[in-house]
Amino acid sequence: MKERYRSIVDVHIVLWRDGLVLLGERANTGFGDGCLNLPSGHLEEGESVIDGAIREAKEEIGITVAPQDLRFAHVMHHRGDSGSSRVGFFFEAVHWEGVPVNMEPAKCAGLVWADPKCLPSNTIPYQAAGVVNCHQGESFALDGWS
């Protein structure tokens, strides 16, 4: 009998300000250090994607987002070079309380606001594709599948 397919589920918070998107520079994580990515993380056991997005927004950038202020923007089924896969949910925060700040300086070297039409070359490709798709209003994409 075949083993059931399992995939990592992650959540991404997309914050827009004056046409720019918020990215953080990864540091000391062992994956993508020196690269930019959205505030994001893996879903925890028993957590909905909405709860996960709210938790990550608070943990990583110190903002409070109410469930009704998260708008589903995109879902991506991504397969990495190693063959592992993940399903990423991208939510736009249409309103939030607080000012985004780097809450995890041991894992993030800083925050930057970037132009989604010209993302920095060191943006993690999977996340860059998600940002572009959100900006263009695309709700679904495959990434890394032939």
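For clarity, every value in this text was computed on a predicted model and none was experimentally measured.

Trainee: Could you clarify how one ought to interpret the overall build of the chain in this entry?
Mentor: Check the secondary structure of the chain and you find two helices and nine strands. Taking 146 residues into account, the globule formula puts the C-alpha radius of gyration at 15 Å, and the chain, at 15 Å, falls close to it. Looking at the chain as a whole, 39% of its 146 residues are labelled buried. At a minimum sequence separation of 6, the contacts of the chain that also span at least 24 residues come to 67%. Entry remark: accessible area of the chain is about 8200 Å², with carbon and sulfur atoms responsible for 53%. Computed over 12 positive and 20 negative side-chain charges, the inter-centroid distance for the chain is 5 Å.

Trainee: In this structure, what is going on with the sheet that holds strand E6 (residues 70-79)? I would like to understand it.
Mentor: As a general point, the strands of a sheet are linked pairwise by backbone hydrogen bonds and lie either parallel or antiparallel. Read across the open sheet, the five strands follow the order E5-E1-E7-E6-E9; overall the sheet is mixed. Each of the sheet's edge strands pairs with one partner strand only, and the pair in question is strand E5 (40-42) and strand E9 (140-143). If you compare each strand with its neighbour and ignore which way they point, the axes differ by 20 degrees on average. Pairing analysis gives nine bridges linking E6 to strand E7 (residues 85-93), with the strands arranged antiparallel. Looking at E7, one finds that Met76 is bridged to Gly88. Taken strand by strand, helix H1 (residues 49-61) contacts strand E1 (8-14), E5, E6 and E7, and its axis lies near 55 degrees from that of E1. Relative to the sheet, helix H2 (residues 125-135) contacts E1, E5, E6, E7 and E9, its axis offset from that of E6 by approximately 140 degrees.

Trainee: Please clarify how H2 should be interpreted in this entry.
Mentor: Residues that lie three or four places apart on an α-helix share one face, since the helix turns once every 3.6 residues. Those residues of H2 lying buried are Tyr126, Gln127, Ala128, Gly130, Val131, Asn133 and Cys134. Phi for Gly137, located one or two positions after H2, is positive at around 80 degrees.

Trainee: Just to check I follow, could you spell out the packing of aromatic side chains for this structure?
Mentor: The relation between two aromatic rings is expressed through the spacing of the ring centres and the mutual angle of the planes. In the structure shown here, the tally under the stated rule is three aromatic pairs. Taken together, a centroid distance of 6.2 Å and an interplanar angle of 75 degrees make the contact between Phe72 and Phe91 edge-to-face. Of the two residues, Phe72 sits in strand E6 while Phe91 sits in strand E7, which places them 19 residues apart along the sequence. An angle of 75 degrees between the planes, with centres 6.3 Å apart, marks the rings of Phe90 and Tyr126 as edge-to-face. Linking Phe90 in strand E7 with Tyr126 in helix H2, this pair joins segments that are 36 residues apart in sequence.

Trainee: Please clarify how the side chain of Asn37 should be interpreted in this entry.
Mentor: Note on placement: Asn37 falls in strand E4 (residues 36-37). Note on Asn37: relative accessible area 8%, which makes it buried. Beyond its immediate chain neighbours, meaning those up to four positions away, Asn37 contacts Leu23, Gly24, Arg26, Ile124 and Gln127.

Trainee: Please clarify how the pairing of E1 should be interpreted in this entry.
Mentor: Put simply, side chains in a regular strand alternate between the two faces of the sheet. Taking burial as the measure, the seven residues of E1 include five buried ones, the bulk of the element. As paired elements, E1 and E7 share seven bridges and run parallel to each other. Residue Ile13 lies in a different strand from E7, and its bridge partner there is Phe91. Relative to E5, E1 runs antiparallel, the two being bridged by three bridges. Of the residues in E5, the one forming a bridge with Val11 is Gly41.

Trainee: Is there a simple way to explain the pattern of salt bridges in this structure?
Mentor: For side chains bearing opposite charge, pairing can occur when the charged atoms are close. Applying the stated rule across the entire model yields seven salt bridges. One salt bridge in this structure joins Arg86 and Asp10, with 2.6 Å as the shortest N-O distance. With Arg86 in strand E7 and Asp10 in strand E1, the pair connects residues that are 76 residues apart, well separated along the chain. Residue Arg86 is classed as partly exposed on the basis of its relative accessible area, which comes to 21%. With a closest N to O distance of 2.7 Å, Glu47 and Arg55 form a salt bridge. Like Arg55, Glu47 is buried. Several salt bridges converge on common partners, so that one network encompasses Glu44, Glu47, Arg55, Glu56 and Glu59.

Cut-offs used in this document
Residues numbered from 1 in each chain as written. Predicted model: local features only at pLDDT ≥ 70, side-chain atom pairs only at ≥ 80, totals over all residues. Heavy atoms only, no water. Helix = DSSP H or I, 4+ residues; strand = E, 2+ residues; numbered from the N terminus. Rg over C-alpha atoms; globule rule 2.2 N^0.38 Å. Buried < 20%, exposed > 50% of the residue type's maximum accessible area, 1.4 Å probe, protein only. Contact = heavy atoms within 4.5 Å. Areas by Shrake-Rupley, 256 points an atom, 1.4 Å probe, with all protein chains shown as cover. Lys, Arg positive; Asp, Glu negative; His and termini not counted. Charge placed at Lys NZ, Arg CZ, Asp CG, Glu CD. Pairing = 2+ DSSP bridges. Axes fitted to C-alpha atoms, helices over the stretch in contact; angles between N-to-C directions. Phe/Tyr/Trp six-rings, centres within 6.5 Å; stacked < 30°, edge-to-face > 60°. Salt bridge = Lys/Arg side-chain N within 4 Å of Asp/Glu carboxyl O.

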